[in-house]
Amino acid sequence: MKNLEKNYSHIKGWGIDADPKNDPTYPIKLRTDEAQKGYHWERPTQQPITTEILHSNERPNVTAVFGTPLPPKGLSGKIRRYAFQFSENSYGHWLPLLLADRVDEIEGVIDDLRQGHVPNFFAERGWKAQFKHNPKAIATKVAVGALLVTAVVAYLRRSK
Amino acid sequence: MLAMNYRGPLRVRIDQKPMPEIEHPEDAIVRVTRSCICGSDLHLYNGLVPDTRVGSTFGHEFVGVVEEVGSEVRKLKVGDNVLVPFNIACGKCAFCKQELYGNCHESNPEATAVGGIFGYSHTAGGYAGGQAEYVRVPYADVGPTVIPPGMDPDDAVLLTDVVPTGYQAAEMGGIQPGDTVVIFGAGPIGIMAAKCSWLFGAGRVIIIDQVEYRLEFAKNYAQCEAYDFRSMDDPVVFVKKTTDWMGADVCIDAVGADAAGNAMQTITGRKLMLQAGSATALHWAINSVKKGGIVSIVGVYGPTDNLVPIGNVVNKGITIRANQASVKRLLPKLIDHVQNGRIDPKGMITHWVPLEEVSDAYRIFSDKLDNCIKTVLIPPSART
Ligand SMILES: [Zn+2]
Ligand SMILES: [Zn+2]
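Residues numbered from 1 in each chain as written. Chains lettered and ligands numbered in written order. Predicted model: local features only at pLDDT ≥ 70, side-chain atom pairs only at ≥ 80, totals over all residues. Heavy atoms only, no water.

### Description of the coordination of the zinc ion (ligand 1)
All names here are of chain B. Our working definition: Each metal's donors are the N, O and S atoms within 2.8 Å of it, or within 3.2 Å when it is Na, K or Ca, and because water is not part of the set, sites may look incomplete. Here the metal geometry follows the donor angles, with tetrahedral for four donors whose angles all fall between 85 and 135 degrees, square planar for four and octahedral for six when opposite donors are more than 155 degrees apart and every other angle is between 65 and 115, and irregular for all the rest. Under the scheme used here, helices are H or I runs from DSSP no shorter than 4 residues and strands are E runs no shorter than 2 residues, and both carry numbers assigned from the N terminus.
All of the protein donors around the zinc ion (ligand 1) are Cys38 (SG), His60 (NE2), Glu61 (OE) and Asp161 (OD); their distances to the metal are 1.8 to 2.2 Å. Coordination at the zinc ion (ligand 1) is irregular, judged from the four donor atoms that bind it and the angles of 96 to 136° they form at the metal. Mapping the donors of the zinc ion (ligand 1) onto the primary sequence yields the spacing C-x21-H-E-x99-D. With cysteine 38 in the loop between β3 (28-37) and α1 (39-45) and aspartate 161 in the loop between α3 (153-158) and α4 (162-172), the pair connects residues that are 123 residues apart, well separated along the chain.

### Considerations on the domain arrangement of chain B
In many analyses, interface size is given as the accessible surface area lost on bringing the parts together. Residue and element names in this part refer to chain B. Worth spelling out the cut-off: All the domain ranges listed were derived from an automatic or database domain assignment. Contacts were defined at the residue level, with two residues in contact if any of their heavy atoms lie within 4.5 Å. Note on terms: buried area is the combined drop in 1.4 Å-probe accessible area of two parts once they are placed together, counting the loss on both. Think of a salt bridge as a Lys or Arg side-chain nitrogen and an Asp or Glu carboxyl oxygen that are within 4 Å of each other. In protein, a polar contact means a hydrogen-donor-capable atom and an acceptor-capable atom, both N or O and within 3.5 Å, with residues adjacent in sequence counting only if both atoms are side-chain atoms; elsewhere, any N or O pair within 3.5 Å suffices. Note that Gly is not counted as nonpolar here; it falls among the polar residues with everything else outside the nonpolar set of Ala, Val, Leu, Ile, Met, Phe, Trp, Tyr, Cys and Pro and the charged set of Asp, Glu, Lys and Arg.
Once the domains are mapped, chain B shows domain 1 (2-161 + 326-382) and domain 2 (163-322). Each partner contributes to the interface: domain 1 provides 32 residues, whereas domain 2 provides 26 residues. Both faces combined, the contact of domain 1 with domain 2 buries some 2,500 Å², and carbon together with sulfur accounts for 69% of it. Per-residue buried area on domain 1 facing domain 2 is highest for Leu48, Met348 and Ile373; these three make up 24% of the total on that side. Linking domain 1 with domain 2 are one salt bridge. Where domain 1 packs against domain 2, one counts nine residue pairs in polar contact (both at pLDDT 80 or more). Of all the secondary structure elements, the ones that give two or more residues to the side of domain 1 that touches domain 2 are α1 and α11 (327-339). A per-class count over the side of domain 1 that touches domain 2 returns 16 nonpolar, nine polar and seven charged.

### As for the sheet that holds strand β15 (residues 319-322) of chain B
What holds strands together in a sheet is hydrogen bonding between their backbones, with the strands either parallel or antiparallel. Residue and element names in this part refer to chain B. Applicable threshold: DSSP bridges decide pairing: two strands pair if at least two such bridges lie between them. Throughout, an axis means a line fitted to C-alpha atoms (over the contacting stretch in the case of helices), and angles, computed between N-to-C directions, take values from 0 to 180 degrees.
Read across the sheet, six strands follow the order β12-β11-β10-β13-β14-β15 without closing on themselves; strand pairing throughout is parallel. The open sheet is flanked by β12 (225-228) and β15, the only strands paired with a single partner. Across this sheet, the average inter-strand angle for adjacent strands is 20°, counted without regard to direction. Relative to strand β13 (residues 248-253), strand β10 (residues 180-184) runs parallel, the two being bridged by four bridges. For phenylalanine 184, the partnering residue across the bridge sits in β13 and is aspartate 253. Sheet strands touched by helix α5 (residues 188-199): β10, β11 (204-209) and β13. Its angle to β11, the strand with the most contacts, is close to 175°. Seen against the sheet, helix α6 (residues 212-222) touches β11 and β12 and runs at an angle of roughly 170° to β12.

### Overview of the layout of surface pockets
To keep it simple, the criterion reads: Using only the protein atoms, space was sampled on a 1 Å grid; points where a 1.4 Å probe fits but cannot get out form cavities, open sets with protein on both sides within 12 Å along at least five of seven lines form pockets, and lining residues are those with an atom within 4 Å of a point. Grid points are joined across faces, edges and corners, and a volume is the space filled by probe spheres set on the points.
In this structure, the second largest pocket spans a volume of roughly 890 Å³. Taken together, 43 residues line the second largest pocket, and the ones lying closest to its centre are Pro69 and Leu70 of chain A together with Lys17, Pro18 and Gly55 of chain B. Broken down by secondary-structure element, the contributors of at least two residues to the lining of the second largest pocket are α2 (74-83) and α3 (91-114) of chain A together with β1 (2-8), β2 (11-16) and β8 (134-137) of chain B. It is α3 of chain A that contributes the most residues to the lining of the second largest pocket, four residues altogether. Of the residues in the lining of the second largest pocket, the class split is 15 nonpolar, 15 polar and 13 charged.

### Describing the environment of asparagine 340 of chain B
Residue and element names in this part refer to chain B. Positionally, asparagine 340 belongs in the loop between α11 and β16 (349-354). Each C-alpha atom, one on asparagine 340 and one on valine 73, is 32 Å from the other, the two residues being 267 residues apart in sequence. Of note is the side chain of asparagine 340, whose polar atom sits 2.9 Å from the side chain of aspartate 336.

### Notes on the UniProt feature "transmembrane region" (unreviewed entry) in chain A
To keep it simple, the criterion reads: UniProt positions are given in the numbering used here, feature names are shortened, and annotations may be inferred rather than shown by experiment.
Taking the UniProt record as the reference, the feature "transmembrane region" (unreviewed entry) is found at residues 138-156 of chain A. Annotated as 100% helix and 0% strand, the span residues 138-156 of chain A places its first and last C-alpha atoms 27 Å apart.

### Describing the coordination of the zinc ion (ligand 2)
Residue and element names in this part refer to chain B. Rules: Whether a residue is buried, partly exposed or exposed follows from its accessible area with a 1.4 Å probe, protein chains only, as a fraction of its type maximum: under 20%, in between, or over 50%, in that order.
Protein-derived ligands of the zinc ion (ligand 2) are Cys90 (SG), Cys93 (SG), Cys96 (SG) and Cys104 (SG), with the metal-ligand distances lying across 2.3 to 2.4 Å. Given four donor atoms and angles of 101 to 117° at the metal, the environment of the zinc ion (ligand 2) is assigned as tetrahedral. On the primary sequence, the residues serving as donors to the zinc ion (ligand 2) are separated as C-x2-C-x2-C-x7-C. With cysteine 90 in the loop between β6 (87-88) and α2 (94-97) and cysteine 104 in the loop between α2 and β7 (116-117), this pair connects stretches of sequence that are 14 residues apart. Looking at cysteine 90, the relative accessible area reads 3%, which means it is buried.

### A short note on the interface of chain A and chain B
On the side of chain B, 86 residues touch chain A, which itself brings 77 residues to the contact. Summed over both sides, the interface between chain A and chain B buries roughly 6,700 Å², with carbon and sulfur atoms accounting for 54% of that surface. Taken together, the links from chain A to chain B amount to eight salt bridges. Note that arginine 11 of chain B is salt-bridged to glutamate 124 of chain A, the shortest N-O span being 2.7 Å. At the junction of chain A with chain B, the criterion picks out 43 residue pairs in polar contact (both at pLDDT 80 or more). Secondary-structure elements contributing two or more residues to the side of chain A that touches chain B are α3, α4 (121-124) and α5 (127-133) of chain A. Among the elements that take part in the side of chain A that touches chain B, α3 of chain A stands out by supplying eleven residues, more than any other. In the side of chain A that touches chain B, the residues fall into 39 nonpolar, 19 polar and 19 charged.

Have a look at this one:
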């Protein structure tokens, strides 16, 4: 260690947290702690459940706090409710959730339109930045698009 | 208030959203002065994390000023300048008692495997994140830490995730003085893990990635060796060769589900979604570490299956350690390292962007444009 210290003296703080006794370092089990024995601890105050909160069936209740901004809604919400019948151990849980996310995406566009907001896909995808820093990628996308259109037009003309 | 708004994969924008409110007596409302875009936000951005609902506000790395506190908040006061760890932790449950603040059992009703995280889908509790002007911070006496006087807010904001996660990656590696540490991924976390490996006494630190400018940055910032895996026939053989055919003592996976570099993983993990993202980096870590070595994982993976070479883990006698960083446990030590100049967090920040330009900021970070390493978003109210 002494020799090593000399070799690495150019790196500020080298070896400062080295502790050969401390392996494995983490996590450290507090074996004497009563709280380790089961689902018993002095629970924090329960946040009032004023909106629909889905909870894992691997726990008996809702946690003391949770996020509320986006309760399940619409068709995606129905799929999410279905998913929460299954445990985190099950495809029945995760695959419907991924499906719900895709449905939610479409519902989001419909919501936008309903509120009189036409989503600006180019801006949302950050194409302005891409145009500025990587115009080649945009150019390629445009060129591929143009080629496709030309090919389709040529094909349609010929088939006439 | 202004807040980032997720509309679906690769689509985010800035919108007006309702102000957050105190919903629990231990809540605080924090006015955000800086928030970051994190590499793990890209898993959300790419639509890889289940139950990422349209309308979400992302952002788990932020600092700000306390605007309001709930009736049971004792330590935190209005006007305090705070850095907020990305994990939401109650401080009372069995796991918090064990200092596993990333695994709190009273902050995420939707899943038991992971604790609550700000702005990280309903799989992590359904909380709004800090890429906004204001944010609701639960358990205000547990996580939020007053920023020491004189500390640069740009340093403070990286103490919410990047520094502790990089540090814990090295810590979980159980590095012994003189060890060779190989890190997969030269994003901010990988670079920080490289930097922190020295603090545990590493003898050799190697970082492997494919983005030239990031490798260059890592070499300078973390004083480590940096290599491009595209210049190798096989990164595993490369590591074996350079360690006298033994393998590295410690391998760190700092990539997670968006890994490139293996066609089969890309197709099954990122295109067809038959597994929870691509596990290329983890494959390389398991196969590059020496027998009896330690693999430390901080890259984010989805909750469902991954194709992982578990047979090699058994046959090689590898120890795997992995977790979300326990930010609160590490803060006192890390604040000391920052104040004594051993770690320079803000040295990683390359982009300061107005919150209003969040769509472009995501594109720049996600496509690795403009030599971007780390992006900080600044809300209009913090720009006077
Ligand atoms: Zn992060
Ligand atoms: Zn807890």
